[in-house]
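The residues making up each chain are set out below.
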Amino acid sequence: MNEKIYKTMSRAGVTSLVLGIVAAVTGIVSGVMLIINGTKLLRKRSEITF
């Protein structure tokens, strides 16, 4: 009985860890993409006319 609980808890821990890593990587990648797009817009702002 204790072994089954231990395995279940370890799987839950691993799953939480993996989801946390995926969320962190997604946040970092989206932040970098936003910075890159922002710099492109700032470089080309003289070409934009309204």
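The structure displayed is predicted, hence computed values, not measured ones.

A.B. asks: Could you clarify how one ought to interpret the overall build of the protein chain in this entry?
C.D. replies: In terms of regular secondary structure, the protein chain is built from one helix and zero strands. Relative to the compact-globule value of 10 Å for 50 residues, the protein chain shows a C-alpha radius of gyration of 22 Å, a clear excess of over 25%. C-alpha extents for the protein chain along the principal axes are approximately 70 × 15 × 5 Å. Taken across its 50 residues, the protein chain has 0% of its residues classed as buried. When the accessible surface of the protein chain is split by element, carbon and sulfur atoms take 70% of a total near 4,900 Å².

A.B. asks: What am I meant to see in the UniProt feature "transmembrane region" (unreviewed entry) in the protein chain here?
C.D. replies: Within this numbering scheme, the UniProt entry marks residues 12-36 as carrying the feature "transmembrane region" (unreviewed entry). Taken end to end, residues 12-36 has its terminal C-alpha atoms 36 Å apart, with 100% of it in helix and 0% in strand.

A.B. asks: Looking at this structure, how should I read a nonpolar patch on the surface?
C.D. replies: A contiguous nonpolar patch, built from L17, I21, V25, V29 and M33 and spanning about 480 Å² of accessible area, is present on the exposed surface. Among the secondary structure elements, L17 is positioned in helix 1 (residues 2-43).

A.B. asks: Teacher, can you tell me more about the pattern of salt bridges here?
C.D. replies: Side chains carrying opposite charge are able to pair once their charged atoms draw close together. One pass over the structure, following the stated rule, counts one salt bridge. Residues E3 and K7 are paired through a salt bridge, measuring 3.6 Å at the closest nitrogen-oxygen approach. Taken as a pair, E3 and K7 lie in helix 1 at a separation of four residues, close to a single helical turn.

Conventions we followed
- Residues numbered from 1 in each chain as written.
- Predicted model: local features only at pLDDT ≥ 70, side-chain atom pairs only at ≥ 80, totals over all residues.
- Heavy atoms only, no water.
- Helix = DSSP H or I, 4+ residues; strand = E, 2+ residues; numbered from the N terminus.
- Rg over C-alpha atoms; globule rule 2.2 N^0.38 Å.
- Buried < 20%, exposed > 50% of the residue type's maximum accessible area, 1.4 Å probe, protein only.
- Areas by Shrake-Rupley, 256 points an atom, 1.4 Å probe, with all protein chains shown as cover.
- UniProt positions renumbered as here; feature names shortened; annotations may be inferred.
- Patch = residues over 30% accessible without salt bridge, like charges linked within 9 Å, V, L, I, M, F, W, Y side chains within 5 Å.
- Salt bridge = Lys/Arg side-chain N within 4 Å of Asp/Glu carboxyl O.

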